[in-house]
2 protein chains.
Amino acid sequence: MALVVQKYGGSSVSDAHSIKRVAKRIAEARRAGNDVVVVVSAMGDTTDELLDLAAQITPLPPQRELDILLTAGERISMSLLAMAINNLGVKAKSFTGQQAGLITDAVHGRARIVDVVPSRIRETISKGQVAIVAGFQGVTTDTNDVTTLGRGGSDTTAVALAAGLQADVCEIYTDVDGVFTADPRIVPNARKIERVTYEEMLELAASGAKVLALRSVEYARRYGVPVHVRSSFSGATGTLVVGTYGDRIDPNAPSGEEEQMEAPIISGVAHDRSEAKITVVGVPDVPGMAARIFEVVAGAGANIDMIVQNVSAAATGLTDISFTLPQGDSPATMAALTAVQGEIGFASLQFDDQIGKLSLVGAGMKSHPGVSARLFGALRDAGINIEMISTSEIRISVVTRADSLDDAVRAVHTAFDLDSAEGEAVVYAGTGR
Amino acid sequence: MALVVQKYGGSSVSDAHSIKRVAKRIAEARRAGNDVVVVVSAMGDTTDELLDLAAQITPLPPQRELDILLTAGERISMSLLAMAINNLGVKAKSFTGQQAGLITDAVHGRARIVDVVPSRIRETISKGQVAIVAGFQGVTTDTNDVTTLGRGGSDTTAVALAAGLQADVCEIYTDVDGVFTADPRIVPNARKIERVTYEEMLELAASGAKVLALRSVEYARRYGVPVHVRSSFSGATGTLVVGTYGDRIDPNAPSGEEEQMEAPIISGVAHDRSEAKITVVGVPDVPGMAARIFEVVAGAGANIDMIVQNVSAAATGLTDISFTLPQGDSPATMAALTAVQGEIGFASLQFDDQIGKLSLVGAGMKSHPGVSARLFGALRDAGINIEMISTSEIRISVVTRADSLDDAVRAVHTAFDLDSAEGEAVVYAGTGR
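- If you check an unreviewed UniProt entry, chain A appears there as Aspartokinase from Isoptericola variabilis.
- The Function (unreviewed entry) field of the UniProt record for chain A holds the comment "Catalyzes the phosphorylation of the beta-carboxyl group of aspartic acid with ATP to yield 4-phospho-L-aspartate, which is involved in the branched biosynthetic pathway leading to the biosynthesis of amino acids lysine, threonine, isoleucine and methionine."
- Recorded under Sequence similarities (unreviewed entry), the UniProt text for chain A is reproduced unchanged: "Belongs to the aspartokinase family."

**Things to note about the overall build of chain A**
Move 1: Within chain A, the secondary structure is distributed over 14 helices and 20 strands.
Move 2: Principal-axis analysis of the C-alpha atoms places the extent of chain A at approximately 80 × 55 × 35 Å.
Move 3: Per-residue burial for chain A yields a buried fraction of 56% across its 433 residues.
Move 4: Across chain A, the fraction of contacts at a sequence separation of at least 24, relative to all contacts at a separation of at least 6, is 73%.
Move 5: In the structure as shown, chain A presents an accessible area of about 17700 Å², 50% of it carried by carbon and sulfur atoms.

**A closer look at the packing of helix 9 (residues 289–299) of chain A against helix 10 (residues 330–339) of chain A**
Residue and element names in this part refer to chain A.
Move 1: Running from N to C, helix 9 and helix 10 cross one another at 135°; their axes reach a closest spacing of 8 Å. In terms of orientation, helix 9 and helix 10 fall into the oblique class. The handedness of the crossing between helix 9 and helix 10 comes out as right-handed. Where helix 9 approaches helix 10, its residues Ile 293, Val 296 and Val 297 are matched on the opposing element by Thr 333, Ala 336 and Leu 337.

**As for the side chain of Thr 324 of chain A**
Residue and element names in this part refer to chain A.
Move 1: Summarising the element assignment, Thr 324 is placed in strand 16 (residues 318–326).
Move 2: Owing to a relative accessible area of 0%, Thr 324 belongs among the buried residues under this scheme.
Move 3: The contacts of Thr 324, once residues within four sequence positions are left out, are Glu 275, Ala 276, Lys 277, Ile 304, Asp 305, Met 306, Ile 355, Met 388 and Val 399.

**Digging into unusual backbone geometry**
Residue and element names in this part refer to chain B.
Move 1: The backbone of Asn 144 sits at a positive phi, close to 60°, despite the residue not being glycine.
Move 2: Here Asn 144 shows up in the loop between strand 7 (137–140) and strand 8 (146–148).
Move 3: By relative accessible area, which is 23% here, Asn 144 ends up partly exposed.
Move 4: Residue Gln 166 is not a glycine yet carries a positive backbone phi of 50°.
Move 5: Among the secondary structure elements, Gln 166 is positioned in the loop between helix 5 (153–164) and strand 9 (169–174).
Move 6: For Gln 166, a relative accessible area of 69% puts it in the exposed group.

**Overview of the sheet that holds strand 14 (residues 275–284) of chain B**
Residues and elements named next belong to chain B.
Move 1: Read across the sheet, four strands follow the order 15-16-14-17 without closing on themselves; strand pairing throughout is antiparallel. Looking at which strands have only one partner, the edges of the open sheet turn out to be strand 15 (307–309) and strand 17 (348–352). Strand-to-strand, the axes of this sheet are offset by a mean angle of 15°, without reference to chain direction.
Move 2: Direction of pairing for strand 15 relative to strand 16 (residues 318–326): antiparallel, over a ladder of three bridges. Across the sheet, residue Ile 307 finds its bridge partner in strand 16, namely Phe 323.
Move 3: Here helix 9 (residues 289–299) sits on the sheet in contact with strand 14, strand 15 and strand 16, set at roughly 25° to strand 16.

**Concerning the packing of helix 5 of chain B against helix 7 (residues 214–223) of chain B**
The geometry of a pair of packed helices is captured by two quantities: the angle between their axes and the separation between those axes.
Residue and element names in this part refer to chain B.
Move 1: Across the interface, helix 5 lies against helix 7 with an axial gap of 8 Å and an inter-helix angle of 10°. Here helix 7 runs roughly parallel to helix 5, going by the angle between their axes. Two secondary-structure elements touch here, helix 5 through Asp 155, Thr 156, Val 159, Ala 160 and Ala 163 and helix 7 through Arg 215, Ser 216, Tyr 219, Ala 220 and Tyr 223.
Move 2: Among the residues making up the contact of helix 5 with helix 7, the classes are represented as six nonpolar, two polar and two charged.

**Quick notes on the UniProt feature "binding site: ATP" (unreviewed entry) in chain A**
All names here are of chain A.
Move 1: In the numbering adopted here, UniProt assigns the feature "binding site: ATP" (unreviewed entry) to Lys 7, Tyr 8, Gly 9, Gly 10, Thr 174, Asp 175, Arg 185, Lys 210 and Val 211. Across 205 residues of sequence, these annotated residues are also dispersed in space, with a maximum C-alpha separation of 24.3 Å.
Move 2: Mapped onto the elements, Gly 9 comes out in the loop between strand 1 (3–8) and helix 1 (16–31).
Move 3: With residues up to four places along the chain from it excluded, the contact list for Gly 9 reads Ser 41 and Tyr 173.
Move 4: Relative to the helices and strands, Lys 210 is located in the loop between helix 6 (198–206) and helix 7 (214–223).
Move 5: A relative accessible area of 75% places Lys 210 in the exposed class.

**Let's talk about the interface of chain B and chain A**
Move 1: At the junction of the two partners, chain B supplies 41 residues and chain A supplies 41 residues.
Move 2: Here chain B packs against chain A, burying approximately 3400 Å² in sum over the two surfaces, 61% of which is carbon and sulfur.
Move 3: Contact with chain A buries surface across chain B, with Ile 57, Arg 75 and Met 83 of chain B losing the most and accounting together for 22% of the total.
Move 4: Counting every contact that joins chain B to chain A gives two salt bridges.
Move 5: Two residues, Arg 120 of chain B and Asp 145 of chain A, come together in a salt bridge whose shortest N-O distance is 3.2 Å.
Move 6: Linking chain B with chain A are 17 residue pairs in polar contact (both at pLDDT 80 or more), by the criterion used here.

**Re the sheet that holds strand 11 (residues 227–231) of chain A**
Residues and elements named next belong to chain A.
Move 1: Taken in spatial order, the eight strands line up as 3-6-2-1-9-11-12-10 in an open sheet, and their pairing is mixed. Here the strands that pair on one side only, and so sit at the sheet edges, are strand 3 (92–95) and strand 10 (195–197). Between one strand and the next, the sheet's axes are offset by a mean angle of 20°, whatever the strand orientation.
Move 2: As judged from the four bridges shared by strand 2 (residues 35–40) and strand 6 (residues 130–134), these two strands associate in the parallel manner. In the sheet register, Val 38 faces strand 6, and the bridge partner there is Ile 132.
Move 3: Across the face of the sheet, helix 3 (residues 63–87) comes into contact with strand 2, strand 3 and strand 6 while running at roughly 175° to strand 3.

**Focus on empty space enclosed by the protein**
Move 1: In total, this model carries one cavity of 30 Å³ or more according to the counting rule given.
Move 2: Considered as a void within the structure, the largest cavity measures approximately 210 Å³ in volume.
Move 3: Taken together, 21 residues form the lining of the largest cavity, with Arg 75, Thr 96 and Gln 98 of chain A together with Arg 75 and Gln 98 of chain B sitting closest to its centre.
Move 4: Residue composition of the lining of the largest cavity, by class: four nonpolar, 14 polar and three charged.

**Notes on the UniProt feature "domain: ACT" (unreviewed entry) in chain A**
Move 1: Within the UniProt annotation, "domain: ACT" (unreviewed entry) is assigned to residues 278–354 and 360–433 of chain A.
Move 2: End C-alpha atoms of residues 278–354 of chain A are separated by 11 Å, and the span's content is 32% helix alongside 31% strand.

**Re the nonpolar core**
Move 1: Grouped together as the largest cluster of nonpolar side chains are 76 residues, with contacts concentrated most on Leu 80 and Leu 81 of chain A together with Leu 80 and Leu 81 of chain B.
Move 2: Among residues more than four places away in sequence, those in contact with Leu 80 of chain A are Ile 19 and Met 43 of chain A together with Leu 53, Ala 54, Ile 57 and Leu 69 of chain B.
Move 3: Counting residues in hydrophobic clusters, the runner-up holds 43 residues, among them Phe 95, Ala 111, Val 196 and Leu 212 of chain A.

**Here's the deal with the packing of aromatic side chains**
Move 1: In total, this model carries six aromatic pairs over all chains according to the counting rule given.
Move 2: Measuring from ring centre to ring centre gives 5.3 Å for Phe 294 of chain A and Phe 323 of chain A, while their planes differ by 70°; the resulting arrangement is edge-to-face. Of this pair, Phe 294 of chain A sits in helix 9 while Phe 323 of chain A sits in strand 16, and the two are 29 residues apart along the sequence.
Move 3: Classification of Phe 294 of chain A as buried rests on a relative accessible area of 17%.
Move 4: Stacked on the ring of Phe 95 of chain B, the Lys or Arg Arg 64 of chain A has its end atom at 5.0 Å from the ring centre.

**Notes on the environment of Glu 393 of chain B**
Residue and element names in this part refer to chain B.
Move 1: Note that Glu 393 resides in the loop between strand 19 (388–392) and strand 20 (395–401).
Move 2: What makes Glu 393 exposed here is its relative accessible area of 61%.
Move 3: Residues Glu 393 and Ile 76 lie 317 residues apart in sequence; the distance between their C-alpha atoms is 44 Å.
Move 4: In this structure, Glu 393 is in contact with Met 365 and Lys 366, ignoring residues within four places of it in sequence.

**Section: helix 10 (residues 330–339) of chain B**
All names here are of chain B.
Move 1: Buried within helix 10 we find Ser 330, Thr 333, Ala 336 and Leu 337. The buried residues of helix 10 all sit within an arc of 130° when viewed along its axis, so they share a single face. For helix 10, the exposed residues lying more than 90 degrees away from the buried face are Pro 331 and Ala 339.
Move 2: Where helix 10 is buried, its residues touch strand 14, helix 9, strand 16, helix 11 (341–344) and strand 17.

What counts and what doesn't
- Residues numbered from 1 in each chain as written.
- Chains lettered and ligands numbered in written order.
- Predicted model: local features only at pLDDT ≥ 70, side-chain atom pairs only at ≥ 80, totals over all residues.
- Heavy atoms only, no water.
- UniProt positions renumbered as here; feature names shortened; annotations may be inferred.
- Helix = DSSP H or I, 4+ residues; strand = E, 2+ residues; numbered from the N terminus.
- Buried < 20%, exposed > 50% of the residue type's maximum accessible area, 1.4 Å probe, protein only.
- Contact = heavy atoms within 4.5 Å.
- Areas by Shrake-Rupley, 256 points an atom, 1.4 Å probe, with all protein chains shown as cover.
- Axes fitted to C-alpha atoms, helices over the stretch in contact; angles between N-to-C directions.
- Parallel < 35°, antiparallel > 145°, perpendicular 65-115°, else oblique.
- Left-handed = near helix turned anticlockwise from the far one by under 90°.
- Pairing = 2+ DSSP bridges.
- Nonpolar A, V, L, I, M, F, W, Y, C, P; charged D, E, K, R; others polar.
- Buried area = accessible area lost by both parts, 1.4 Å probe.
- Salt bridge = Lys/Arg side-chain N within 4 Å of Asp/Glu carboxyl O.
- Polar contact = N/O pair within 3.5 Å; in protein donor to acceptor, adjacent residues only side chain to side chain.
- 1 Å grid on protein atoms, 1.4 Å probe; cavity = no way out; pocket = protein on both sides within 12 Å on 5 of 7 lines; lining within 4 Å.
- Points joined across faces, edges and corners; volume = space filled by probe spheres on them.
- Core = buried A, V, L, I, M, F, W, Y, C linked by side-chain atoms within 4.5 Å.
- Phe/Tyr/Trp six-rings, centres within 6.5 Å; stacked < 30°, edge-to-face > 60°.
- Lys NZ or Arg CZ within 6 Å of the ring centre and 35° of its normal.
- Arc of directions from axis to C-beta.

Below you can see the structure in the form of structure tokens.
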């Protein structure tokens, strides 16, 4: 008997057939004695179809109206899902973001949740009924306007509701079996990760792993919500995202003290093809120049990722500064920098969108020397050139040519014994899983 | 400078192209200096598509969930329409039934409006912006649940908002030019009616004219809202539905006193093919029998229309009672009556769904003798048999065979000089229109 928040994405509810399948799973969870709250996304391609309709009307729709339009998608999926569950003899009611008490700020299109007041949801589950909640949306308190949370919004709705309801677990259902040590489309023998910490999952999500929205992981970490990423097509256990390796979400599992001590060194290899690199060439190496450049970049609205500054050449007193950023932010950033070329006095700008980023993530690398040496060695042996490097306590990222990225991921995955079969024994040695 | 409520039906906003066309008309009304509030239905076949989706999930969806599902349709059309208007440089905002303050009872699927609190709409038009409101929907105060108003709900939303805002006129835009003296598909030379009273429009709507929902006319009459039924495809004046023939909604029109005195005798001929007839044969002619029969019929949920009881045959002391009702209500009614055959002691039941109803409507017939004689004469001359007759102060209805109905409508239309050209001169003599 637990309070479970389940989230189903658009691919899990793409048509009447799959809605009925999901309804069956929900009804089973309820019949097993759990209190069940379900967050659902819009059916299949509904959101894209609505965006397409809006594009037929105007190239620049007001964001407030776009939010109202898009929330029609969850309204359809949530009511159909509630119908399907009722049809199985389990009482279910659907609720909009507003009715579920998801209060946001007024930044339409990417609103932030500022409060969760799920009194109607509590009332519904206290009657033994399943509560279905529209993902991705909320309401402002001041104006009672409908808002959307932006990309990954439904994951965030689910985690926020789980936090607000103090749920035992937030289950994120998706079309894959969990979080993998690498993208299985690139590394066919990638393994499902049994358990990762919030920090590792944050690094994986920020480094290109798409299975869980970065923002929902941040939210889960802040409120300590145990997240279980799993397939809506099978009953198998997926990936648990928890505070430490010892966290348990199943009271029957063994105590976690030893497990924590035996944490795997490496969780997985993420990759990202969505960034570009800008190099500012010939920057006068005087104090404040980097600050000025990144002021300009921030003013253009760009979300920069990695930064590398070369040692300046003694002869010229000039240096180069390279940074990576989302490809979509590049045009505005190039324009903004070009506008200040005279003021800053750099020589030229170089733009490169043929880059790929590989990130190796693992809480264990903090205490294990030699991880970076092994990574660079694997890439060298595979004949892959490294263009930029950045590190955090639990992550090493390298930038390569885009067309070398798949080879790089496979080489690193093998070098760290992440491949399945014997790989499992090494990485998870001692965890007994 | 007036406050205008405009309502656009689904066929006026069936795709992006027609939404843009409607937006242009709205922007023109605003630019002409009017305060404009727009009520919009779901796009084209959206409601039917959503009903079809629900039918794929379950044959008996909970009405609360069906209401949430269906309101997604207006959410899409209203936000797209607001975008299209903004794109023309006129500020517009869309509002759900809840945001617009349409408070209803909790009878899902056919909720009644209990209050209209349009404070956000007032605020919006006071800023010179166009307010777009989702038709067909409201919200309950107790539970904050979404309700729908049922068939003709968007017309009712528009009239209720017009009443709540004390609008100068409620314009109902449709795909025909107004209310006609008969269905132009049956009577090609039917004329557009320039002006009818609420009472006549009520009789026409109740008798099968589909251009305006009966319920919205009741609402308009109660609150004295002038309604203008017109085409969204042309700029032509349509049909004005007003309290008396002298009512003016245009301050430049001549005083109405004389017009009222010259009211046309007949407004039009409505027809209805959606009813069936049940005859209870051989009912003992003792007090209370009719009451008992119609108790049973009401218990089956049927909405009966005409009732005819024959004079009982002296020899047997038995009578027949016939009544008409919507075809959809027939199965339950036949079953309920069959169940009490022993108790009531009637001989048998006859069911007939091959009937048609013709209704002649006109406020002028109250004071003009000979209208019914002329009606019956026209049908006799056309060789059409009359099976049932019922009358009100401003209406005469007759039931004929379904396959004679079109001929009956044409014969009556001609007999009352309603055909266009010379017909117009006679019926509207003296009105100068």
